[in-house]
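# Coordinate analysis (summary)
Letter by letter, the chains look like this.
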Amino acid sequence: MGVPLVRFRSVALLFWVGTALFLLMGSTSDAALSTTSPTMLLHALAKTTYPRTQLPVGYTSAKVGNAGKLAGPSPGHTLLGTVGFAVTGPNADGLVYYSVYPNADDARAIETDPVLDPGMRIVERSVPGFKSPGLTLTVPTTGTNSHGKTVAVTLTVASVAEGNVVAIGATVDQANSHAERPLLQSAVRHLLAIEAKLSAR
């Protein structure tokens, strides 16, 4: 039995969805963008190739889509910037996304006390397999099916606070297979590998 494959109309739309998700994640401060370790990590995430070996089984590539700054309605939580990757794989379109903060307290606060946009729904206030503060959310959006029709779809998002970074895995999960979880695990592996390289310098 097959559900017509739903794909986002473009990578740009995919990252618009990612941006909308984390507009709730804090206001950007230009003063914070100095030569600090979090800033170095942000730039390393944006410039480091996402190896295929770090992707879940069945996924073939991760392509960086943006490294912009976001502004949002969460007073007191400074967001340094974001990096997103469009991930090619079996579940329509996948997304790996990072929001980088100056400290771990800000990142944890986003996961423990989120401010959601209309239509977003918290499914779980944790992510199975992770001890760090995390969330599983659903987000309504639109995509294009195999017949070229625009259809309503639901993006399933899993996110955790890892140090001063919120790591995110998301996908249009039509089979309720929790495909967002291996994407999040992949995102955390990639993050830890980059942090290890920076620490070794």
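Relevant structure appears above.
Residues numbered from 1 in each chain as written. Predicted model: local features only at pLDDT ≥ 70, side-chain atom pairs only at ≥ 80, totals over all residues. Heavy atoms only, no water.

Our next topic: the overall build of the protein chain. Assigned secondary structure in the protein chain consists of 4 helices and 7 strands. When the helices and strands of the protein chain are read in sequence order from the N terminus, they spell out α-α-β-β-β-α-β-β-β-β-α. Looking at the 201 residues of the protein chain, the share that counts as buried comes to 49%. Accessible surface computed for the protein chain: about 9,400 Å², of which carbon and sulfur atoms make up 56%. (Helix = DSSP H or I, 4+ residues; strand = E, 2+ residues; numbered from the N terminus. Buried < 20%, exposed > 50% of the residue type's maximum accessible area, 1.4 Å probe, protein only. Areas by Shrake-Rupley, 256 points an atom, 1.4 Å probe, with all protein chains shown as cover.)

What follows deals with the pattern of salt bridges. One pass over the full model with this rule turns up 2 salt bridges. A salt bridge links D105 to R108; its shortest N-O distance comes to 2.3 Å. Taken together, the residues D105 and R108, both in helix α3 (residues 104-112) and 3 residues apart, mark about one turn of the helix. The exposure class assigned to D105 is exposed, which follows from its relative accessible area of 51%. The class of R108 is partly exposed, set by a relative accessible area of 37%. Across the pair E124 and R181 runs a salt bridge whose closest N-O atoms are separated by 3.3 Å. A residue pair is termed long-range when its members are at least 10 positions apart, and E124 in strand β4 (residues 121-124) and R181 in helix α4 (residues 180-200) qualify at 57 residues. (Salt bridge = Lys/Arg side-chain N within 4 Å of Asp/Glu carboxyl O.)

Looking now at α3. Along α3, the positions that sit buried rather than exposed are D106, A107, A109, I110 and E111. Its side-chain oxygen at 3.1 Å from the backbone nitrogen of D105, N103 defines the N-terminal cap of α3. (Polar contact = N/O pair within 3.5 Å; in protein donor to acceptor, adjacent residues only side chain to side chain.)

Moving on, we come to the environment of L79. The topology assignment puts L79 in the loop between β1 (61-66) and β2 (81-88). Given a relative accessible area of 0%, L79 falls into the buried group. Linking L79 and A107, residues 28 residues apart in sequence, is a C-alpha distance of 8.9 Å.

Right, let's get into the pairing of strand β7 (residues 165-172). Within β7, 8 of the 8 residues are buried, leaving the element largely enclosed by the surrounding structure. A two-sided burial pattern is seen for β7, the buried positions comprising V165, A167, G169 and T171 on one face and V166, I168, A170 and V172 on the other. Here strand β6 (residues 150-162) runs beside β7; their pairing, made up of 8 bridges, is antiparallel. Looking across to β7, one finds that T156 is bridged to T171. Hairpin connection, β6 to β7: the antiparallel pair is bridged by 2 residues, and G163 has positive phi, about 65°. (Pairing = 2+ DSSP bridges.)

Let us look at the packing of aromatic side chains. Any two aromatic rings considered together are summarised by their centre-to-centre distance and by the angle between their planes. Throughout the structure, instances matching the rule amount to 2 aromatic pairs. Ring centres of Y50 and F85 lie 5.1 Å apart, and the angle between their planes is 70°; this geometry places the pair in the edge-to-face category. With a gap of 35 residues between them, Y50 in the loop between α2 (37-47) and β1 and F85 in strand β2 connect regions that are remote in the sequence. On the basis of an interplanar angle of 90° and a centroid distance of 6.3 Å, the ring pair of F85 and Y98 is categorised as edge-to-face. Of this pair, F85 sits in strand β2 while Y98 sits in strand β3 (residues 93-100), and the two are 13 residues apart along the sequence. A single burial state applies to F85 and to Y98, both of which are buried. Taken together, Y50, F85 and Y98 form an aromatic cluster joined through their ring pairs. (Phe/Tyr/Trp six-rings, centres within 6.5 Å; stacked < 30°, edge-to-face > 60°.)

Before going further, it helps to spend a moment on the environment of V166. Turning to its location among the elements, V166 is positioned in strand β7. When the C-alpha positions of V166 and Y101 are compared, they lie 8.1 Å apart, and in sequence the two are 65 residues distant.

Moving on, we come to the side chain of S186. With respect to the element layout, S186 can be found in helix α4. Polar side-chain contacts of S186 include one of 2.6 Å to the side chain of Y50. If near-sequence neighbours (up to four positions away) are discounted, S186 is found in contact with Y50, Q54, L55 and P56. (Contact = heavy atoms within 4.5 Å.)

Here the focus is the nonpolar core. Within the largest apolar cluster, 29 residues are counted, with the highest numbers of intra-cluster contacts made by L45, Y50, V96, Y98 and L184. Counting only elements with at least two residues in this core, the list comes to α2, β2, β3, β6, β7 and α4. (Core = buried A, V, L, I, M, F, W, Y, C linked by side-chain atoms within 4.5 Å.)

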